[in-house]
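The chain contents come next:
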Amino acid sequence: MSFKLPELPYAYNALEPYYYEATVRIHHDTHHKAYVDSLNVTEARLAEARDKGDFALIKHWEHELAFHGSGHLLHTLFWENMRPGGSSTPKGSLAERIIEDFGSFNNFKKQFTAAAVAVEGSGWTLLVWSPFFKELEVLQAEKHQNLTQWGVIPLLIVDVWEHAYYLKYQNERVKWVEAWWNLVNWEDVLQRFEDSASLMNVSW
């Protein structure tokens with residue numbers, strides 16, 4: 001299978017003033033593309049290893065698969081989770097579930113923000129649905145794949161690697177996260193949550 005860099009669902013400058021056009025171009029066209037290209041190389045090398053029955057480098061290629069595959073997946077969701085003039089709060093079943101699991105939207109927003117600011121080094125913060133625990137959870141991820149949890153469905157993602165915001169916010173991650181809330185595409189997040197409805201009552 002050959003993976004392709006998805007087109008942005010909006011113009012490069014559509015997220016101004018919260019997200020610089022130059023940053024979006026570099027982040028999407030260079031950083032995200034690099035993960036896609038490396039993922040394709042990794043898939044090819046693993047196919048070659050299977051054909052030859054030579055797995056001497058399996059540890060390396062499995063690491064590359066997890067790293068670049070996660071990078072491609074999370075970046076794709078990251079772009080789709082934003083839109084120009086993002087809405088301030090979620091609606092419908094997602095809003096109800098956030099209140100049920102976090103007590104209030106404000107509690108959720110504070111926890112998510114704190115988790116995003118506190119990610120060590122480079123990584124992400126995610127709102128996920130856990131079919132196993134039957135609840136929404138806020139998780140951190142480091143290097144795309146570390147500290148994640150098996151079986152969860154990512155719904156909302158913010159990228160806190162410095163390349164995601166450095167041109168405008170320098171090393172002030174707090175300001176980036178605060179600005180990012182103005183871009184959240186809650187309609188997209190709600191759709192992802194509703195699409196997970198079939199896994200709401202799964203028994204593991």
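Rules and cut-offs
- For every chain, the first residue of the written sequence is number 1, and numbering continues from 1 along that sequence.
- Reporting of local features is limited, given that this is a predicted model, to residues whose pLDDT is at least 70; pairs of side-chain atoms are given and counted only at 80 or more, and all residues count toward the totals for whole chains, interfaces and linings.
- For side-chain calculations, the full set of non-hydrogen atoms in the structure is used, while hydrogens and water are omitted.
- Note: two strands are recorded as paired if DSSP finds a minimum of 2 bridges between them.
- Counting from the N terminus, the helices are DSSP H or I runs at least four residues long and the strands are E runs at least two residues long.
- To obtain each axis, a line is fitted to C-alpha atoms, and for helices this fit is confined to the stretch in contact; angles are then taken between N-to-C directions over 0 to 180 degrees.
- Any two residues having at least one pair of non-hydrogen atoms within 4.5 Å are treated as being in contact.
- Each angle receives one of four descriptions, namely roughly parallel if under 35 degrees, roughly antiparallel if over 145, roughly perpendicular if within 65 to 115, and oblique otherwise.
- Only Asp, Glu, Lys and Arg are considered charged in this grouping, and only Ala, Val, Leu, Ile, Met, Phe, Trp, Tyr, Cys and Pro are considered nonpolar; every other residue, Gly among them, is considered polar.
- Throughout, exposure labels follow a simple rule: accessible area from a 1.4 Å probe, protein chains only, divided by the maximum for the residue type, with under 20% read as buried, over 50% as exposed, and the rest as partly exposed.
- This arc is taken over the directions from the axis of the helix to the C-beta atoms.
- Salt bridges, as used here, are contacts in which a Lys or Arg side-chain nitrogen is within 4 Å of a carboxyl oxygen on Asp or Glu.

1. Structural notes on the sheet that holds strand β1 (residues 123-130)
What the 3 strands build is an open sheet, ordered β2-β1-β3; its pairing is antiparallel. The open sheet has two free edges, formed respectively by β2 (135-142) and β3 (153-159), since each of these has just one partner strand. Adjacent strand axes in the sheet meet at a mean angle of 25°, parallel and antiparallel pairs treated alike. Most of the contacts of helix α3 (residues 92-102) go to β2, to which it runs at about 80°, and overall it touches β1 and β2.

2. Considering the packing of α3 against helix α4 (residues 105-118)
It is at 8 Å that the axes of α3 and α4 come closest, and there the two elements cross at 75°. The angle between α3 and α4 falls in the class roughly perpendicular. Mapping the contact onto sequence places Ile-98, Ile-99 and Phe-102 in α3 and Phe-105, Asn-107, Phe-108 and Gln-111 in α4. Here the residues of the contact of α3 with α4 are counted per class, giving 5 nonpolar, 2 polar and no charged.

3. Structural notes on helix α6 (residues 173-180)
Count 3.6 residues to each turn of an α-helix, and residues three or four apart come out pointing the same way. Residues Arg-173, Trp-176, Val-177, Ala-179 and Trp-180 constitute the buried set of α6. Projected onto a plane normal to the axis of α6, the buried residues spread over an arc of 165° and lie on a single side. Buried residues along α6 sit in contact with α2 (58-80), α4, β3 and α5 (166-169).

4. As for the pairing of β2
Counting buried positions along β2 gives 6 out of 8 residues, so the element sits mostly inside the fold. Two successive antiparallel strands, β1 and β2, enclose a turn made up of 4 residues, where Lys-134 displays a positive phi of approximately 55°.

5. Looking at the pattern of salt bridges
Note on pairing: side chains with opposite charge can pair once their charged atoms come close. Tallying each qualifying case throughout the model produces 9 salt bridges. Close ionic contact of Lys-33 with Asp-37 constitutes a salt bridge, the shortest N to O distance being 2.7 Å. Of this pair, Lys-33 and Asp-37 both sit in helix α1 (residues 21-52), 4 residues apart, roughly one helical turn. Under the relative-accessibility criterion, Asp-37 is labelled partly exposed at 36%.

6. Some remarks on the environment of Leu-139
By the secondary structure assignment, Leu-139 is in strand β2. Placed 126 residues apart in sequence, Leu-139 and Asn-13 show a C-alpha to C-alpha distance of 29 Å. Leave out the neighbours within four places in its chain, and Leu-139 touches Trp-124, Thr-125, Leu-126, Val-128, Gln-149 and Val-152.

7. A few points about α3
Those residues of α3 lying buried are Leu-94, Ala-95, Arg-97, Ile-98 and Phe-102. Take α3 and look down its axis: the buried residues cluster within an arc of 165°, on one side only. Along α3, exposed side chains directed more than 90 degrees from the buried face belong to Glu-96 and Glu-100. Looking at the buried positions of α3, the neighbouring elements they touch are α4, β1, β2 and α7 (186-195). Of the residues flanking the end of α3, it is Gly-103, one or two places downstream, whose phi is positive at about 95°.

8. Thoughts on the pairing of β1
The buried count for β1 comes to 8 of 8 residues, which makes it a mostly enclosed element. In β1, alternate side chains face the same way, and those of Gly-123, Thr-125, Leu-127 and Trp-129 on one face and Trp-124, Leu-126, Val-128 and Ser-130 on the other are all buried. Inspection of the sheet shows β1 paired to β2 by 8 bridges, in the antiparallel sense. Residue pairing for β2: Val-128 is matched across the bridge by Glu-137. Direction of pairing for β1 relative to β3: antiparallel, over a ladder of 6 bridges. Counted as the bridge partner of Trp-129 is Ile-153 from β3.

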